[in-house]
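One-letter residues, chain by chain:
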Amino acid sequence: MAKEHAYFLAENTQKRHNRTEVQQTLNHLPGISLVRIHSNNHLISVDYDSSRVSYDQIENCLNHMGYEIAADASLIDTR
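These figures come from a predicted structure and were not determined experimentally.

As for its placement among the helices and strands, Glu68 is situated in the loop between α2 (55-64) and β4 (69-72). Between the C-alpha atom of Glu68 and that of Glu11, which follows or precedes it by 57 residues, the distance is 7.2 Å. Not counting residues within four places of it along the chain, the set of residues in contact with Glu68 comprises Leu9, Ala10, Glu11 and Asn63.

In this section: the pairing of strand β3 (residues 43-49). Where a strand is regular, its side chains alternate between the two sheet faces. Within β3, 7 of the 7 residues are buried, leaving the element largely enclosed by the surrounding structure. Burial along β3 is two-sided: the face carrying Leu43, Ser45, Asp47 and Asp49 and the face carrying Ile44, Val46 and Tyr48 are both buried. Looking at chain direction, strand β1 (residues 3-10) and β3 are connected through 7 bridges and run antiparallel. By the bridge assignment, His5 is partnered in β3 with Asp47. As judged from the 6 bridges shared by strand β2 (residues 32-38) and β3, these two strands associate in the antiparallel manner. Residue pairing across strands places Val35 opposite Val46, the latter belonging to β3. Count of turn residues in the β2/β3 antiparallel hairpin: 4 residues, of which His42 carries a positive phi of about 60°.

Cut-offs used in this document
Residues numbered from 1 in each chain as written. Predicted model: local features only at pLDDT ≥ 70, side-chain atom pairs only at ≥ 80, totals over all residues. Heavy atoms only, no water. Helix = DSSP H or I, 4+ residues; strand = E, 2+ residues; numbered from the N terminus. Contact = heavy atoms within 4.5 Å. Buried < 20%, exposed > 50% of the residue type's maximum accessible area, 1.4 Å probe, protein only. Pairing = 2+ DSSP bridges.

Have a look at this one:
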(Lines give C-alpha, C1' and ligand atoms only; values in the text may rest on other atoms or scores of the structure.)
Protein backbone atom coordinates (compact mmCIF):
# COMPACT_ATOMS: atom_id res chain seq x y z
CA MET A 1 0.00 0.00 0.00
CA ALA A 2 1.45 3.35 -1.11
CA LYS A 3 -0.13 6.01 1.09
CA GLU A 4 -0.26 9.48 -0.44
CA HIS A 5 -1.75 12.84 0.46
CA ALA A 6 -2.82 15.56 -1.97
CA TYR A 7 -4.36 19.02 -1.79
CA PHE A 8 -6.45 20.43 -4.62
CA LEU A 9 -7.25 24.14 -4.86
CA ALA A 10 -10.86 24.45 -6.06
CA GLU A 11 -13.57 27.12 -6.05
CA ASN A 12 -17.14 26.74 -4.71
CA THR A 13 -16.26 24.52 -1.76
CA GLN A 14 -18.05 26.76 0.76
CA LYS A 15 -21.58 25.52 0.10
CA ARG A 16 -22.54 22.56 2.27
CA HIS A 17 -24.10 20.55 -0.59
CA ASN A 18 -20.90 20.98 -2.60
CA ARG A 19 -18.77 19.67 0.28
CA THR A 20 -21.04 16.68 0.77
CA GLU A 21 -21.04 15.90 -2.96
CA VAL A 22 -17.24 16.03 -3.15
CA GLN A 23 -16.80 13.79 -0.13
CA GLN A 24 -19.35 11.22 -1.26
CA THR A 25 -18.10 11.09 -4.84
CA LEU A 26 -14.40 10.81 -3.99
CA ASN A 27 -15.10 8.20 -1.31
CA HIS A 28 -16.49 5.96 -4.07
CA LEU A 29 -13.09 5.85 -5.80
CA PRO A 30 -10.98 2.80 -4.87
CA GLY A 31 -8.14 3.62 -2.49
CA ILE A 32 -9.55 6.85 -1.03
CA SER A 33 -9.20 6.77 2.76
CA LEU A 34 -10.07 10.33 3.81
CA VAL A 35 -11.49 13.46 2.17
CA ARG A 36 -11.46 16.79 3.98
CA ILE A 37 -12.84 20.09 2.70
CA HIS A 38 -11.16 23.27 3.91
CA SER A 39 -13.76 25.74 2.67
CA ASN A 40 -12.08 28.80 4.19
CA ASN A 41 -9.15 28.43 1.78
CA HIS A 42 -10.84 26.41 -1.02
CA LEU A 43 -8.79 23.26 -0.44
CA ILE A 44 -9.81 19.67 -0.92
CA SER A 45 -7.48 17.38 1.01
CA VAL A 46 -7.34 13.69 0.05
CA ASP A 47 -5.55 10.73 1.64
CA TYR A 48 -5.32 7.83 -0.78
CA ASP A 49 -3.56 4.63 -1.75
CA SER A 50 -1.66 5.42 -4.96
CA SER A 51 -1.49 1.73 -5.87
CA ARG A 52 -5.29 1.79 -6.30
CA VAL A 53 -6.02 5.35 -7.54
CA SER A 54 -3.82 8.06 -9.03
CA TYR A 55 -3.61 11.78 -8.40
CA ASP A 56 -4.77 12.33 -11.99
CA GLN A 57 -7.84 10.11 -11.48
CA ILE A 58 -8.82 12.13 -8.41
CA GLU A 59 -8.29 15.41 -10.26
CA ASN A 60 -10.29 14.13 -13.25
CA CYS A 61 -13.13 13.12 -10.95
CA LEU A 62 -13.19 16.65 -9.47
CA ASN A 63 -13.12 18.12 -12.99
CA HIS A 64 -16.10 15.96 -14.03
CA MET A 65 -17.94 17.29 -10.99
CA GLY A 66 -17.41 20.81 -12.33
CA TYR A 67 -14.48 21.89 -10.19
CA GLU A 68 -11.63 23.55 -12.00
CA ILE A 69 -8.45 22.71 -10.15
CA ALA A 70 -6.28 25.82 -10.04
CA ALA A 71 -3.11 24.06 -8.87
CA ASP A 72 -1.58 21.31 -6.83
CA ALA A 73 -1.84 22.99 -3.47
CA SER A 74 0.41 20.61 -1.53
CA LEU A 75 2.53 23.43 -0.15
CA ILE A 76 -0.36 25.54 1.16
CA ASP A 77 -0.63 25.66 4.93
CA THR A 78 -4.12 24.62 6.05
CA ARG A 79 -3.81 25.51 9.72
